[in-house]
Structures are given as structure tokens and as C-alpha cells.
Amino acid sequence: MPELPEVEAIRGRLRRAARGSTIVGARILRPRTSHPQEPGFLEKALRGLTIQDVERRGKHILFQLSGGLVLRVHLRMTGSLHVIPDVRLLPATTRAYLELDGGRGLIFDDPRALGVLNVHTATEAAAAVADLGPEPLSRRFTREFLRAAASRSRAPVKLFLMDQKRIAGLGNIYAAESLFRAEIHPATPANRITGTRLDMLHAAIVFVTREAIRCARISYARPGHSSEADTFLRAVYDREGEACFVCRRKIRRIPQGGRSTYFCPRCQK
DNA sequence: TCGATCCTGTAG
DNA sequence: CTACAGGATCGA
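Rules of the game
Residues numbered from 1 in each chain as written. Chains lettered and ligands numbered in written order. Predicted model: local features only at pLDDT ≥ 70, side-chain atom pairs only at ≥ 80, totals over all residues. Heavy atoms only, no water. Patch = residues over 30% accessible without salt bridge, like charges linked within 9 Å, V, L, I, M, F, W, Y side chains within 5 Å. Areas by Shrake-Rupley, 256 points an atom, 1.4 Å probe, with all protein chains shown as cover. Salt bridge = Lys/Arg side-chain N within 4 Å of Asp/Glu carboxyl O. Lys, Arg positive; Asp, Glu negative; His and termini not counted. Charge placed at Lys NZ, Arg CZ, Asp CG, Glu CD. Helix = DSSP H or I, 4+ residues; strand = E, 2+ residues; numbered from the N terminus. Pairing = 2+ DSSP bridges. Axes fitted to C-alpha atoms, helices over the stretch in contact; angles between N-to-C directions. Contact = heavy atoms within 4.5 Å. 1 Å grid on protein atoms, 1.4 Å probe; cavity = no way out; pocket = protein on both sides within 12 Å on 5 of 7 lines; lining within 4 Å. Points joined across faces, edges and corners; volume = space filled by probe spheres on them. Nonpolar A, V, L, I, M, F, W, Y, C, P; charged D, E, K, R; others polar. Near = heavy atom within 4 Å. Polar contact = N/O pair within 3.5 Å; in protein donor to acceptor, adjacent residues only side chain to side chain.

S.K.: Honestly, a positive patch on the surface in this entry has me stumped. Any pointers?
M.R.: Together, Arg249, Arg252, Arg266 and Lys269 give the surface a local cluster of positive charge. Mapped onto the secondary structure, Arg249 falls in the loop between α8 (228-232) and β9 (252-256).

Set out below in C-alpha cells:
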């Protein structure tokens, strides 16, 4: 279910819970989880290693392990990662888990089973994320960068924003929310947005990403509790037929790239 | 750029 | 039953 902000919240939590821990053993419960790597290879490779740090690049979570190895996890649509006190109490939809020292479990829970977990050398891990564009909150993601990138693409701007090779981490929700804040119609070709409007989009992406990370951290700390800011970040997503918070027109849903895009037909021209 | 694919769950 | 799901990749 996660985009960059949720992955970032998970990363932070895992870092606090698992950094410094030793991997006593590893089990892949469903074979395709580590595709194309053999489950047995992972189980053997991970045993005895220490988790030195937990990093993130785009929507990839990267566990830096002793021996220079990297455990890379992509959660795709429904994946989640968390540490539980007793590894024997696995959720029913667990795809893989690590047993950590003290009997704790690092669980890769993924009911829809679309996520992927691989072990790499540092070089392989770098190659696996080499094609990603800049992080929206990094120094590389400037207005000038966005101008150059947008000018090179005729794709509908919503699809442009979701292309991980151009910008890393935006997904279906926050791409739509960023376009709403910048008052841009999602079907506009990226290269037709210029100047001030593109600067607005840049600011919207940065704002939405920042706020969403904040919200994701809070909702992990207090599950089930949705804040005012949460609503603010769901101005259009999944609100088809409901009134736009700004102009009261009905939010519309259109297909783009085989997925749903939500937007306000009055605010976003 | 569309559709199929990888999977399972849930809402209508 | 169908449609759709906060992702990504592939081939036509």
C-alpha cells in the first residue's frame, strides 16, 4: 500500500527497532517472494549477519548488513514490514520473516504477494536503484530539474510524476494530490506545463511529500487515528462524486495508465 | 499507450 | 458476479 511517505515511516521505525540486531535465521514462506533468487540462497546468506542500518531509496527499503550485503525490499501494493516481540506469532499472510536475536521477528507481511525481497552485494544493490530519479525532498530535486525533466516528456503529467525513473517515490495518491494543489489537469502533457505553474507543481510535490511523511509517522504511532492533516492530503483521492473542498464541484475519476486518477474539473484545468 | 500479468481481498 | 486496489514490468 505504500508510497514514499509510508515507506519512509516504516524505514524509521525499523531502524529504531532492528538496527544492531543479529539475524538468527531467515525463512521465505512463499517461493516467488525472492524471485528471481532462490529462497534457499537468501535463507543461507542472511543467517548470522547483523543489521547495521536501514535506508530507503524511492519506495525501496535497504537493510545494510554486515559483510557488505544489502537486503532490499519493495512492498508494492500491500506489503508491510514490522518487528514483533515473538517470531512464533506470525500473521497469516506472512511471506517471509527474519528471526532476530532475543526471539523477535522481522516480518514481511504481504497479503497480495506482489512485493519482492532480495539479497545483494553493495554493487548489485546500487544497480537495482540506479535508474531512479531524484528524491522529492533532496537537493537534486530543484525547480530547474523539474523544468528540464518535464520539457522532455509528452506524457500526461500524472503519469510523468509516477514514473520512478523521473522522480522517485510518487505514487497514485500523492501524484494526484500534488496536481490538485498546483491546479493542473492530470491529462496535461508534461511539456506543456511551464514557468510559474511548474514551480507551483514543484512546491506542491515537496509540500505533499513532507506532510505525508509527517502523517505517516503519526498514524503509525497512533493507529486508527486520522488527523486534520490527513484529510488535507486526501483532497481528491478516492473522493469521486464528493464535493471539492475548494469549489464544491464534484470530484471526477478518469483512467490513466490503467489506474484511477481523481481530480477537480473546476480547479484543475 | 493499451492491456495483461503478478496475487488476494473487499466493496458494490 | 464484476470492478478495483497507495506498484511495476512486459510485449503488442
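From this point, the discussion proceeds with the structure in view.
S.K.: Looking at this structure, how should I read the sheet that holds strand β5 (residues 80-84)?
M.R.: Strands in a sheet are paired, the pairing made by backbone hydrogen bonds, and the direction either parallel or antiparallel. An order of β1-β6-β7-β5 is seen for the four strands of this open sheet, with the pairing classed as antiparallel. Single-partner strands in this sheet number two, and they are β1 (23-28) and β5. Taking each pair of neighbouring strands and ignoring which way they run, the sheet shows an average axis angle of 15°. Alignment of β1 against strand β6 (residues 94-100), held across five bridges, turns out to be antiparallel. Bridge assignment links Ile23 to a residue of β6, and that residue is Leu100. Packing of helix α1 (residues 4-18) onto the sheet brings it into contact with β5, β6 and β7 (105-109), and relative to β5 it is tilted by some 25°.

S.K.: Is there a simple way to explain empty space enclosed by the protein in this structure?
M.R.: If a probe as big as a water molecule is rolled over the atoms, it shows which places are left empty. Under the defined criterion, the tally for this structure stands at one cavity of 30 Å³ or more. Computed from the structure, the largest cavity encloses a volume of approximately 80 Å³. Contributing to the lining of the largest cavity are 14 residues, with Ala96, Tyr97, Leu98, Leu106 and Leu117 lying nearest its centre. Elements with a minimum of two residues in the lining of the largest cavity: β1, β4 (69-74), β6 and β7. Tallied by class, the residues present in the lining of the largest cavity amount to 13 nonpolar, no polar and one charged.

S.K.: Help me understand the environment of Arg57, please; the structure alone is not making it clear to me.
M.R.: Here Arg57 shows up in strand β2 (residues 51-57). Distance from Arg57 to Ala126, taken between C-alpha atoms, is 10.0 Å for residues 69 residues apart in sequence. Dropping the residues within four chain positions of it, Arg57 is found in contact with Leu62, Val129, Leu132, Gly133, Pro134, Glu135, Arg140 and Ala168.

S.K.: I would appreciate a short explanation of the protein's contact with DNA strand B in the present structure.
M.R.: Arg30, Arg32, Pro111, Arg112, Leu114 and Pro156 make up every residue found near DNA strand B. Each atom of DNA strand B within 4 Å of the protein was assigned to sugar, phosphate or base; sugar and phosphate come to 61%. Separating a phosphate oxygen of DNA strand B from a side-chain N or O atom of Arg30 is a distance of 3.2 Å. One nitrogen or oxygen atom from the side chain of Arg112 is found 2.9 Å from a base oxygen belonging to DNA strand B. Each residue belonging to the surface near DNA strand B can be placed in one class, and the counts come to three nonpolar, no polar and three charged.

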